[in-house]
Amino acid sequence: MSFKDYTNNTISAISTPRGEGGIGIVRMSGPSALFIAESIFKPRYSKNSISQADTHTLLYGHIINPKNHEILDEVLLTVMKAPRTYTKEDIVEINCHGGSIPLSKVLELTLEMGARLAEPGEFTRRAFINGRIDLTQAEAVADIIRAKTELSLKVSMEQLQGRLADIIGNIRSDALELMTYVEASIDFPDEDLDFLSSKEIIERLKDIIYTLDKLLATANDGKFITEGIKGVIIGRPNVGKSSLFNALLHENRAIVTSIPGTTRDTIEEFINLYGVPLKLTDTAGLHHAEDTIEIESMERTRVQLDKADIILLVLDSSDSLTEDDRQLIDLVKEKKTLVILNKSDLPRNIEKEEIKRLAGINSLIEVSAINETGLDRLKSAITGLTLHKESVSTDTVFITKLRHKISLEKARENFEYALQSAKDKMPPELISVDLRGGLRSLDEITGKTSSAEILDQVFSRFCIGK
Ligand SMILES: Nc1nc2c(ncn2[C@@H]2O[C@H](COP(=O)(O)OP(=O)(O)OP(=O)(O)O)[C@@H](O)[C@H]2O)c(=O)[nH]1
Ligand SMILES: [Mg+2]
């Protein structure tokens with residue numbers, strides 16, 4: 001889609017969730033938004049037309065099909081005129097009765113009158129294209145909608161406020177200033193200008209790299225805070241995986257029975273781990289299987305294992321170690337795994353030392369899913385094994401996206417090359433090339449120089465109407 005399409009079209013979409021609700025909103029943005037609204041809206045009291053109405057005001061009236069004068073809904077209509085709006089364009093929001101029929105009829109009418117159905121994230125994409133927010137802020141909008149805990153929300157809110165953009169902007173202007181000096185010494189090599197000494201260039205580059213390193217150090221935790229830690233519970237049948245899943249969740253979500261092979265399909269739920277979302281998956285018991293459903297369930301478990309950030313391997317401590325247990329220990333011992341001895345309320349029959357030796361670990365976590373004991377220790381062990389920082393400070397600006405991390409690493413690499421060239425007393429042209437490369441990578445993060453492909457990827461994560 002070309003830039004022209006984004007600026008010349010008026011887009012329309014239902015911005016509230018599907019299903020029934022108290023109200024539902026049809027939102028339009030673009031140069032014809034006011035005109036289209038005017039042609040389908042009849043105000044009840046005000047004599048003012050929509051184009052005469054003050055910006056950021058609410059009008060009460062009816063949506064009427066101008067072709068057959070049919071009244072579609074009784075609505076409140078918000079008029080927001082450019083440029084102080086979400087997209088910097090004229091926006092009209094029609095607050096309808098929140099059923100799917102009135103909403104889709106009003107939406108269809110706006111389309112008949114000349115609007116085009118918005119693509120996912122297109123309102124936010126316009127806010128970005130029209131320069132109201134940068135790409136990191138646009139990404140924060142999607143994260144806020146998806147936030148699973150208060151901490152995830154806070155970190156994304158900070159990003160929306162532009163704190164990450166500010167830090168990257170500061171690094172960028174330091175690098176830009178340095179490049180100006182370096183390039184001046186290329187352009188005027190013989191003049192007695194006040195160039196930076198190579199010692200000064202080295203110091204400044206070291207400062208830039210130090211700041212990038214500090215930012216990069218937050219990437220692991222940042223990703224977990226916004227996207228969640230993916231934890232997968234595995235174990236042979238009947239050891240109490242589903243019971244542990246329910247105990248951690250504080251609800252009877254998964255079916256528990258004394259019959260081995262109860263869980264067939266994987267179940268996922270989020271739990272709040274001291275502010276960090278843990279996306280926990282309960283799986284079918286893994287064992288040597290013969291029937292086709294069992295083989296398929298186990299295949300699903302293996303797929304989950306590959307995607308896991310942490311594996312919770314459950315053993316039944318009231319039973320001795322079986323061949324299936326040993327195979328499982330072998331399967332996960334190269335991965336980030338916690339070995340859990342469940343049913344600690346029953347007399348113990350399992351050999352702790354043997355498990356430690358097989359798994360190559362020195363700590364086992366004893367729990368009783370039925371009595372809900374040992375769960376706090378288990379939760380701290382999960383954060384201990386995944387997060388870098390013991391407790392997450394809420395003042396830190398986090399890198400939350402792999403995309404940001406990759407660009408920061410590219411920038412760091414470029415500045416590192418420039419530093420090496422400066423140390424080796426290479427010609428300024430060489431230093432300047434790497435500085436430029438570093439700046440380009442920084443600009444990818446904020447969207448100053450992002451490819452259409454990156455933009456498509458970012459905005460496809462959104463829902464329609466945002
Ligand atoms: N005493 C005791 N029994 C438990 C404990 N946890 C689970 N059980 C019992 O163990 C049996 C199996 O529990 P599930 O949670 O269904 O086990 P599972 O590992 O999910 O089993 P599959 O889904 O068949 O693989 C049930 O009878 C539970 O009540 C525990 O901590 N103590
Ligand atoms: Mg189960």
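Here the structure is a predicted model, which is why all the values come from computation and not from measurement.

By size, the foremost hydrophobic cluster in this structure holds 32 residues, and its most contacted members are Leu244, Leu312, Leu378 and Ile382. The dominant element in this core, judged by the number of residues it contributes, is helix H10 (residues 241-249), at five residues. Built from parts of two domains, this core gets at least three residues from each of domain 2 (140-218 + 398-447) and domain 3 (236-374). Not counting chain neighbours up to four residues away, the residues in contact with Ile382 comprise Leu273, Leu278, Ile310, Leu312 and Leu338. The next biggest cluster of nonpolar side chains, apart from the first, holds 30 residues, and it includes Leu164, Ala175, Met179 and Ile208.

Positionally, Asp143 belongs in helix H5 (residues 135-146). A relative accessible area of 6% places Asp143 in the buried class. Polar contacts involving the side chain of Asp143 include one to the side chain of Arg461, which spans 3.2 Å. Discounting residues that sit within four places of it in the chain, Asp143 has contacts with Ser156, Thr226, Thr400, Lys401 and Arg461.

Looking now at the site of ligand 1. In the vicinity of ligand 1 lie 23 residues, with Lys241, Ser243, Gly261, Thr262 and Thr263 positioned nearest. Within the contact set of ligand 1, an oxygen atom lies 3.2 Å away from a backbone nitrogen or oxygen of Ile370. The protein chains hide 90% of the 650 Å² of surface that ligand 1 would expose on its own. Among the elements that take part in the shell around ligand 1, H10 stands out by supplying three residues, more than any other.

Take the sheet that holds strand S2 (residues 23-29) next. In spatial order, the strands read S3-S4-S5-S6-S2-S1-S7; together these seven strands make up an open sheet with mixed pairing. The open sheet has two edge strands with one neighbour each: strand S3 (41-43) and strand S7 (116-117). Inspection of the sheet shows strand S4 (residues 57-64) paired to strand S5 (residues 71-80) by eight bridges, in the antiparallel sense. What sits directly across from Gly61, in S5, is Val75. Across the sheet, helix H2 (residues 33-40) touches S2, S3, S4, S5 and strand S6 (91-97), and the angle it forms with S3 is around 70 degrees.

In this structure the tally under the stated criterion is 33 salt bridges. Put simply, Glu70 and Lys105 hold a salt bridge, and the shortest N to O gap is 3.3 Å. On the criterion of sequence distance, the pair formed by Glu70 in the loop between S4 and S5 and Lys105 in helix H3 (residues 100-112) is long-range, its members being 35 residues apart. Overall, Lys105 belongs to the partly exposed group, its relative accessible area being 36%. Among the salt bridges present, the one from Arg236 reaches Asp325, with a minimum N-O distance of 3.0 Å. Pair noted here: Arg236 is in the loop between strand S8 (229-234) and H10 and Asp325 is in helix H12 (residues 323-332), with a separation of 89 residues, a long-range link.

Quick look at the environment of Leu439 now. Residue position: Leu439 is located in helix H16 (residues 428-446). Taking the C-alpha atoms as reference points, Leu439 and Leu176, separated by 263 residues in sequence, lie 7.4 Å from one another. When residues no more than four places from it in sequence are discounted, the contact partners of Leu439 are Arg172, Ala175, Leu176, Met179 and Phe415.

Calculation criteria
Residues numbered from 1 in each chain as written. Chains lettered and ligands numbered in written order. Predicted model: local features only at pLDDT ≥ 70, side-chain atom pairs only at ≥ 80, totals over all residues. Heavy atoms only, no water. Core = buried A, V, L, I, M, F, W, Y, C linked by side-chain atoms within 4.5 Å. Buried < 20%, exposed > 50% of the residue type's maximum accessible area, 1.4 Å probe, protein only. Helix = DSSP H or I, 4+ residues; strand = E, 2+ residues; numbered from the N terminus. Domains from an automatic or database assignment. Contact = heavy atoms within 4.5 Å. Polar contact = N/O pair within 3.5 Å; in protein donor to acceptor, adjacent residues only side chain to side chain. Near = heavy atom within 4 Å. Areas by Shrake-Rupley, 256 points an atom, 1.4 Å probe, with all protein chains shown as cover. Pairing = 2+ DSSP bridges. Axes fitted to C-alpha atoms, helices over the stretch in contact; angles between N-to-C directions. Salt bridge = Lys/Arg side-chain N within 4 Å of Asp/Glu carboxyl O.

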